[in-house]
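Descriptive structure summary
Spelled out from the first residue to the last, the chains are:
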Amino acid sequence: MSRVYNFAPGPAALPLPALERAAKELVEYGGAGMSVMEMSHRSKMYLEIFDRVKSRFNKLMGVPDGYTTLMLQGGATAQFAAVPLNLLGENGSAAYVNSGNFARGAMNEAGKYGVISVAGDSSDDGYTRIPIVDTDKLDGRAYLHITTNNTVYGTRWPSLPDSPIPLVADMSSNILSERYDVTRFGAIYAGAQKNIGPAGLTIVIVRDELLGRARRDCPLIMNWKAQADGGSMLNTPPCYAIYMAGLCLDWLDEQGGVAGIESVNVEKARTLYETIDESKLFANPVKPSDRSRMNVVFTTGDADKDDAFCKAAAKAGLVNLKGHRVVGGMRASIYNAMPLEGVRALTAFMKKFEREN
Ligand SMILES: *Cc1c(COP(=O)(O)O)cnc(C)c1O
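Let me sum up the structure you'll find in this document. Because the structure is predicted, anything quoted here is derived from the model rather than measured.

**Details of the side chain of Asn-223**
Its location among the elements puts Asn-223 in the loop between strand 10 (202-207) and helix 5 (224-229). On the accessibility criterion, Asn-223 (15% relative accessible area) is buried. Here Asn-223 is in contact with Asn-86, Ala-214 and Cys-218, once residues within four sequence places are set aside.

Next up, the structure:
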């Protein structure tokens, strides 16, 4: 077996023990005579898997009483529409912070259903910082939407904004990577394929008192209250992705849970930014206080050199370092499953590349 260090932004690297366990159980699970992929989602054995994954997630995330966790399909992108459809009301308005391309995507989608006020915007600075929230823009709005980690531009909210209205967060690229106080949020959503498990599963955490406010035209499948009442099973859930996420969460639990992995993540990010800051070849454009711990962007400032770096890195077993097409350069996505050794291998390679170029 030969595995590379995979710095892909999502779908992303998964913990090896989770993959190995899945391989062992692929053809037959727990004496059932069949694979998890072949089970009815209503069967006793599958419901046990489903419930265990949900409680393990709730425990790791610290989801308190008074909140409901949904396990759905559709990705974070489906929630870009579901959030306004569930929270805006018939003639509502909401505040959005435009901090990157996914934040803008969420904002544009919500604009189809209501009036959007932009409570912060860093597009003029090329999204290299987290905007300051203009609290005057929050009056009378149904909620404030933020993106806790901006996957493409490599920024992260260093602290949450104080919001008098429900705070709604797209946490796709840093959920479970650091501790968050769920009670600060009205709702949190995340596609699984960065920090939870494989693609196909989307998690929504919503404060119970916000359930039951959906607009009349909200599609049933996107209606959080209906999904809560139906146990996230209004239709077939992403059964296998949920099972796989469970194996990844078991692994996370063994790492000391979110607090345990957070200290590893802090060290990984520190190691990589230190190498960039000490280098004369590579640079990171992000305001230092707002740097992401999950997606580290860097560039030589020369597209051909960046390209040569990515190609040489791939030959050395460090793959998927090419930056997002809208920003170019490099991006190392170092989610939970990327070990510190992977980051050390990358920084050693960067130093070697700099010496030789
Ligand atoms: C990847 C990502 C998305 C898109 O997620 P899908 O599950 O593919 O819809 C949205 N928001 C953020 C912050 C992301 O990183």
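**Description of a nonpolar patch on the surface**
A contiguous nonpolar patch, built from Leu-26, Val-27 and Met-37 and spanning about 300 Å² of accessible area, is present on the exposed surface. Position of Val-27 among the secondary structure elements: in the loop between helix 1 (16-25) and helix 2 (44-61). The exposure class of Val-27 is exposed, given its relative accessible area of 65%.

**As for helix 8 (residues 303-315)**
In this model, helix 8 (13 residues) spans 19 Å end to end at C-alpha, consistent with the 18 Å of a helix rising 1.5 Å per residue. Buried within helix 8 we find Asp-306, Phe-309, Cys-310 and Ala-313. All buried residues of helix 8 project into a common sector of 95 degrees when viewed along the axis, lining one side. Away from its buried face, by an angle of more than 90 degrees, helix 8 presents the exposed residues Asp-304, Lys-311 and Lys-315. On the buried face of helix 8, the contacting elements are strand 11 (295-298), strand 12 (318-319), strand 13 (330-333) and helix 9 (340-356). Two or three places before Asp-304, at the opening of helix 8, Asp-302 has a side-chain oxygen 2.9 Å from that residue's backbone nitrogen. After helix 8 finishes, the residue Gly-317 shows a positive phi value of roughly 85 degrees.

**Overview of empty space enclosed by the protein**
All told, the structure shown has 4 cavities of 30 Å³ or more when counted by the stated rule. Volume-wise, the largest cavity comes out at about 110 Å³. The wall of the largest cavity is formed by 13 residues, among which Pro-15, Asn-195, Ile-196, Cys-248 and Asn-336 lie closest to the centre. Along the lines of polarity and charge, the residues of the lining of the largest cavity split into 9 nonpolar, 3 polar and 1 charged.

**Here we look at the packing of aromatic side chains**
Taken as a whole, this structure holds 14 aromatic pairs when the rule is applied. Judged by centre distance (6.4 Å) and plane angle (55 degrees), the rings of Tyr-46 and Phe-50 are tilted. With Tyr-46 and Phe-50 both in helix 2 and 4 residues apart, this pair spans about one turn of that helix. Residue classification places Tyr-46 among the buried residues on the basis of a relative accessible area of 0%. Between Tyr-127 and Tyr-153 the ring centres are 4.8 Å apart and the planes differ by 55 degrees, which places this aromatic pair in the tilted class. Pair noted here: Tyr-127 is in the loop between strand 4 (115-121) and strand 5 (144-147) and Tyr-153 is in the loop between strand 6 (149-150) and strand 7 (155-156), with a separation of 26 residues, a long-range link. In this structure, Tyr-127 and Tyr-153 share a single accessibility class: buried. Taken together, the aromatic side chains of Phe-282, Phe-298, Phe-309, Phe-349 and Phe-353 make up a single cluster linked through ring pairs.

**Quick word on the nonpolar core**
With 56 residues, the main nonpolar core has Phe-57, Met-61, Leu-144 and Leu-176 as its most contacted residues. Tallying contributions element by element places helix 6 (residues 239-254) first for this core, with 11 residues. Residue contacts for Phe-57: discarding those within four places in its chain leaves Val-63, Thr-69, Ile-175, Leu-176, Ile-196, Ile-203, Ile-205 and Leu-249.

**Here we look at the site of the ligand**
The ligand sits among 14 residues. The nearest are Thr-77, Thr-151, Asp-170, Gln-193 and Lys-194. Between the ligand and Thr-151 there is a distance of 2.4 Å, counted from an oxygen atom to a side-chain nitrogen or oxygen. Lys-194 has a polar side-chain atom sitting 2.7 Å from an oxygen atom of the ligand. If the ligand stood free it would expose 390 Å²; the protein chains cover 86% of that surface. When residues in the shell around the ligand are grouped by element, the largest group, 4 residues, is from helix 3 (residues 75-87). A per-class count over the shell around the ligand returns 3 nonpolar, 9 polar and 2 charged.

Reading the values: the criteria
One numbering rule holds for all chains: residues counted from 1, following each sequence as written. Residues qualify for local features only when their pLDDT is at least 70, as the model is predicted, and side-chain atom pairs are given and counted only at 80 or more; totals for whole chains, interfaces and linings, by contrast, use all residues. For side-chain calculations, the full set of non-hydrogen atoms in the structure is used, while hydrogens and water are omitted. Numbering goes from the N terminus for both helices and strands, where a helix is a DSSP run of H or I of at least four residues and a strand is a run of E of at least two. The classification of residues rests on relative accessible area computed with a 1.4 Å probe and restricted to protein chains. Under 20% of the type maximum is buried, over 50% is exposed, and intermediate values are partly exposed. It only takes one pair of heavy atoms within 4.5 Å for two residues to be counted as in contact. Without a salt bridge and with relative accessible area above 30%, a residue can belong to a patch; like charges are then joined within 9 Å and nonpolar side chains (Val, Leu, Ile, Met, Phe, Trp, Tyr) within 5 Å. What sets the accessible areas is the Shrake-Rupley method with a 1.4 Å probe; for residues, cover comes only from the shown protein chains. Take a side-chain nitrogen of Lys or Arg and a carboxyl oxygen of Asp or Glu: if they are within 4 Å of each other, that pair is a salt bridge. Here a helix's expected span is defined as the number of its residues, less one, multiplied by 1.5 Å. Throughout, the arc means that of the directions going from the helix axis to the C-beta atoms. A 3.5 Å cut-off defines polar contacts: any pair of N or O atoms within that distance qualifies, except that in protein one atom must be a possible hydrogen donor and the other a possible acceptor, and neighbouring residues in sequence count only when both atoms are side-chain atoms. Only protein atoms enter the calculation, which uses a 1 Å grid: trapped sets of points that fit a 1.4 Å probe without letting it out are cavities, open sets showing protein on both sides within 12 Å along at least five of seven lines are pockets, and any residue with an atom within 4 Å of a point is a lining residue. Grid points are joined across faces, edges and corners, and a volume is the space filled by probe spheres set on the points. Under this grouping Gly is polar, as are all residues other than the nonpolar Ala, Val, Leu, Ile, Met, Phe, Trp, Tyr, Cys and Pro and the charged Asp, Glu, Lys and Arg. Stacked, edge-to-face and tilted labels apply to pairs of Phe, Tyr and Trp rings (six-membered ring for Trp) whose centres lie within 6.5 Å, assigned for plane angles under 30 degrees, over 60, and everything in between, in that order. What we call a nonpolar core is a set of buried Ala, Val, Leu, Ile, Met, Phe, Trp, Tyr and Cys residues that are connected through their side-chain atoms within 4.5 Å. One heavy atom within 4 Å of a molecule or strand is enough for the residue carrying it to be called near that molecule or strand.

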